[in-house]
Every structure is written in C-alpha cells, then in structure tokens.
Amino acid sequence: MPELPEVEVTRRGVAPHLEGRIVEQVVFRREGLRWPFPAHLAESLVGQRITQVGRRGKYLLIGFATGTLIVHLGMSGHLRVLPPGVEPKKHDHFDLVVNDGAQSPSQSQVLRLNDPRRFGAVLWHAHDDGDIDAHILLRGLGVEPLEDKFSADLLYKATRKRSAPIKQVLLAGDIVVGVGNIYACESLFKAGISPKTPAGRISRARYDKLAAAIREILAEAIVQGGSTLKDFIAVNGQSGYFQQTYFVYDRAGVPCRNCGAPVRQIKQGQRSTFYCATCQR
Ligand code: ZN
C-alpha cells in the first residue's frame, strides 16, 4: 500500500510534468473507484492550467484556479506520466492529458492512474466550496511529519490524555499524518519505545527521540524512493513503490538487528505490530 513517502515521491515525480501545463483531455474508463468519479470533470478542467501539485497526508492535490483535483492511490494505485498514444492497460482507469498550451500533439503528456484494487479516488473540490483544508477527507488530518509544526512538544502535549498504546495513537493520524503501520513500528524501534506504552505515559524526553525517529525514517524513505523517480516516466516502468531495510517490520521471529533477541509480533487494533521486547521499553 502506498504510504506517505511513496505519495511524496509520486508528487515529486509527476509535479514537473504537470505544473504550469494546460489540461487537454480528461479520460475515465469506468464509473469510479472508491467513490464515483466527478461528473462533468472534463467541462471543469479542459483548458485550465495546473498551478501546483501538492500533498496533504496521502492525498495528492492538483491545484487549479477554479479548484483542486484530489487524487488518492488507495491500496494499490500508482501514477505514471506517459507520452501520448500509449494504449491503456488493464486497471488504467483515469488519464489527465496535459500540454504546454501550444496545442501541438507532440507536446502532450498523459498522467495515468492505474489501480487494480480500486480503493483509490479522484475527486474534485471547487474553489467556491471553500478552503481545501476543510474538505471532509482532509480536515481531520494531523500535522505533516516533515513540516516544522511537527515536534516532540506537539506529540507530548497532544497525548497527555490519551491512554491508548502509542502505536495506535500514531496510526490514528489525528495528531500526525503519514506514520502508517511500517513507519510506526520502525520509529518506535528506533526511539526504543514499546508499542504497547500508553501514549499519555511517555515522557517529553522520549517523545524527543520519537519525533526525531519519525522524521528520519520518513525522510530516508523519500530519499530512497527518489531513485525510482525514473519509473514515473517509463512506459513499462514499475510502480515506484520501494522496499526499505526494516529493523522490525515484517521480521517476526528473526533476530533483532540490534540485540539478537527474536522480533515479536502482536496484534493491536487489527494491525500487526513488530517490536523487540529487549530494545523497546
Ligand atoms: Zn533488540
């Protein structure tokens, strides 16, 4: 499943091909994915210039003067930028064809969404409907982990009344977004904090370590993903998702890379948690 680093790498990969370009055509090959595709999107977008490609949590925000196209990759979606005329393959559900405004077909490029499991989304939020941050899918999101607003202080203050285990508080996404299952497990390992510790009982000093670990692990994932950027413009490229070397995630029973004790696996809120009972207290 694409996590925040994959979405950010996708954003960085597609943005240079989209920003400043004019929409030439909108193609839908089915009625919708997780939700129906917006009716009349072509009428809204054809001829409009893309102002910027942003991201909030795992939502890509393709900005226009008249509104924002919200794209979510769901469980299995990925975006590629292709030259015009490439035949769609199975599960290629949506194309946004753009050009540089010169109306020359050779200048066109196709942003193509492929999503086999169809949990992704393409939604339109008109400027007239208000601030994009107030959109129902975005307004409950916590702060961005790679922005300055995210800090140990924020984690500490926001968790004083939270008795749930820290792992589940991170996954909830209402304090900080983008710390999905993999990154929650890995960050807690790096910070030496047991995933079972009630969030409200963790000291400020330990949140210093956790905030730093979250930043470092997400930033590292984005850097590693950067090496796959070429795939976004390759006709037959891979999806652009990437595997990091994990310390505990998906390593149940394998010796901890730090102390050699077997990595443990437990269930927390239906999700698997991996941790080292020796290194994490
Ligand atoms: Zn260990």
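A quick note: this is a predicted structure, and the numbers were derived from the prediction, not measured. By convention here, each chain's residues receive numbers from 1 onward along its written sequence. Where totals are concerned, whole chains, interfaces and linings use all residues; where local detail is concerned, this predicted model gives features only for residues with pLDDT of at least 70, and gives and counts side-chain atom pairs only at 80 or more. Remark: hydrogens and water are excluded; side-chain values derive from all non-hydrogen atoms of the structure.

1. Digging into the coordination of the zinc ion
Each protein donor to the zinc ion is listed here as C256 (SG), C259 (SG), C276 (SG) and C279 (SG); together their distances run 2.2 to 2.4 Å. Around the zinc ion sit four donor atoms, and with donor-metal-donor angles ranging over 98 to 113 degrees the site reads as tetrahedral. Donor atoms (N, O, S) are those found within 2.8 Å of the metal centre, with the cutoff raised to 3.2 Å for Na, K and Ca; water is not part of the atom list, so apparent gaps in a site can occur. Binding-site remark: the zinc ion is held by donors from one chain whose sequence spacing is C-x2-C-x16-C-x2-C. Taken as a pair, C256 in the loop between helix 6 (204-226) and strand 9 (264-268) and C276 in the segment after strand 10 (271-275) lie far apart in primary sequence, 20 residues in all. The two residues C256 and C276 agree in class, both being buried. Four donors are marked tetrahedral only if all angles between them lie between 85 and 135 degrees, whereas four are marked square planar and six octahedral if opposite donors are more than 155 degrees apart and the other angles lie between 65 and 115; the remainder are marked irregular. Only DSSP runs of H or I covering at least 4 residues are called helices, and only runs of E covering at least 2 are called strands; the numbering of each starts at the N terminus. Under the scheme applied here, a residue whose accessible area is under 20% of the maximum for its type counts as buried, over 50% as exposed, and between as partly exposed, the area being computed with a 1.4 Å probe on protein chains only.

2. Notes on the side chain of Q280
Here Q280 shows up in the segment after strand 10. Under this definition, polar contacts are N or O atom pairs within 3.5 Å; protein pairs additionally need one hydrogen-donor-capable and one acceptor-capable atom, and for neighbouring residues in sequence, both atoms have to be side-chain atoms. A distance of 2.9 Å separates a polar atom in the side chain of Q280 from the backbone nitrogen of C276. Whether two residues touch is decided by their heavy atoms; if any such pair falls within 4.5 Å, the residues are in contact. Once residues within four sequence positions are removed from consideration, Q280 is found in contact with L188, F189, G192, I193, S194, P195, V248 and Y275.

3. Examining the confidence of the model for the protein
pLDDT is a residue-level measure of predictor confidence that goes from 0 to 100. The pLDDT averaged across the protein works out to 91; a share of 92% of its residues lies at or above 70. Overall, residues 233-241 carries pLDDT values under 50, and its contacts beyond four positions in sequence, including any with other chains, amount to 24 contacts.

4. Comments concerning the packing of aromatic side chains
The geometry of an aromatic ring pair is captured by the separation of the ring centres together with the interplanar angle, meaning the angle of the planes. Centres within 6.5 Å are what make two rings of Phe, Tyr or Trp a pair, Trp counting through its six-membered ring; a difference in plane orientation under 30 degrees is then read as stacked, over 60 as edge-to-face, and the rest as tilted. Evaluated as defined, the whole model comprises seven aromatic pairs. Ring centres of Y246 and Y249 lie 5.4 Å apart, and the angle between their planes is 80 degrees; this geometry places the pair in the edge-to-face category. Overall, Y246 belongs to the buried group, its relative accessible area being 11%. An aromatic cluster is defined as three or more aromatic residues linked by ring pairs; in this entry it consists of F28, F37 and F94.

5. A word on the pairing of strand 3 (residues 59-64)
Taken across its six residues, strand 3 has six buried, putting it largely inside the fold. Strand pairing is assigned whenever DSSP identifies at least 2 bridges connecting the two strands. Both strand 2 (residues 50-56) and strand 3 contribute to a ladder of six bridges, which runs antiparallel. Paired with V53 across the two strands is I62, which belongs to strand 3. Between the end of strand 2 and the start of strand 3, which pair antiparallel, lie two residues, with G57 showing a positive phi angle near 60 degrees. Note that strand 3 and strand 4 (residues 67-72) share six bridges and pair antiparallel.

6. Focus: the nonpolar core
Core analysis: the largest hydrophobic core is formed by 27 residues, its most contacted members being L155, I166, L170, Y207 and L210. Counting only elements with at least two residues in this core, the list comes to helix 3 (152-158), helix 4 (166-172), helix 5 (181-191) and helix 6. Looking at which element gives the most residues to this core, the answer is helix 6, with eight residues. Core analysis: the next-biggest nonpolar cluster, separate from the first, contains 26 residues, V14, V81, L96 and V122 among them. Put simply, a nonpolar core is a bunch of buried Ala, Val, Leu, Ile, Met, Phe, Trp, Tyr and Cys residues held in one set by side-chain atoms that sit within 4.5 Å of each other.

7. Quick look at the pattern of salt bridges
For this document, the term salt bridge refers to a Lys or Arg side-chain nitrogen within 4 Å of an Asp or Glu carboxyl oxygen. Here the structure, examined in full by the defined rule, presents 13 salt bridges. When the shortest N-O distance is used, the salt bridge between E144 and R56 registers 2.9 Å. Of this pair, E144 sits in the loop between strand 8 (121-126) and helix 3 while R56 sits in strand 2; the two residues are 88 residues apart in sequence, bridging distant segments of the chain. Accessibility assignment for this pair places E144 and R56 in one class, buried. Across the pair D174 and R162 runs a salt bridge, and its minimum N-O distance is 3.1 Å. You can see D174 sitting in the loop between helix 4 and helix 5 and its partner R162 sitting in the loop between helix 3 and helix 4, a full 12 residues away along the chain.

8. Remarks on helix 5
Summarising burial for helix 5: 10 of the 11 residues are buried, a large majority. Turning to helix 5, its buried residues are N181, I182, Y183, A184, C185, E186, S187, L188, F189 and A191. In the stretch just after helix 5, G192 is the one whose phi turns positive, near 70 degrees.

9. Observations regarding the sheet that holds strand 6 (residues 92-99)
For sheets, the rule is that strands pair by backbone hydrogen bonds, running either parallel or antiparallel. Across the sheet, four strands lie side by side as 1-6-7-5; this open sheet has antiparallel pairing. At either margin of the open sheet sits one strand with a lone partner, and together these are strand 1 (22-28) and strand 5 (78-82). The sheet shows a mean angle of 20 degrees between the axes of neighbouring strands, taken without regard to direction. One ladder, built from six bridges, connects strand 1 with strand 6; its direction is antiparallel. Across the sheet, the residue bridging to Q25 is V97, located in strand 6. Axis definition: a line fitted to C-alpha atoms, limited for helices to the stretch in contact. Angles are taken between N-to-C directions and run from 0 to 180 degrees.

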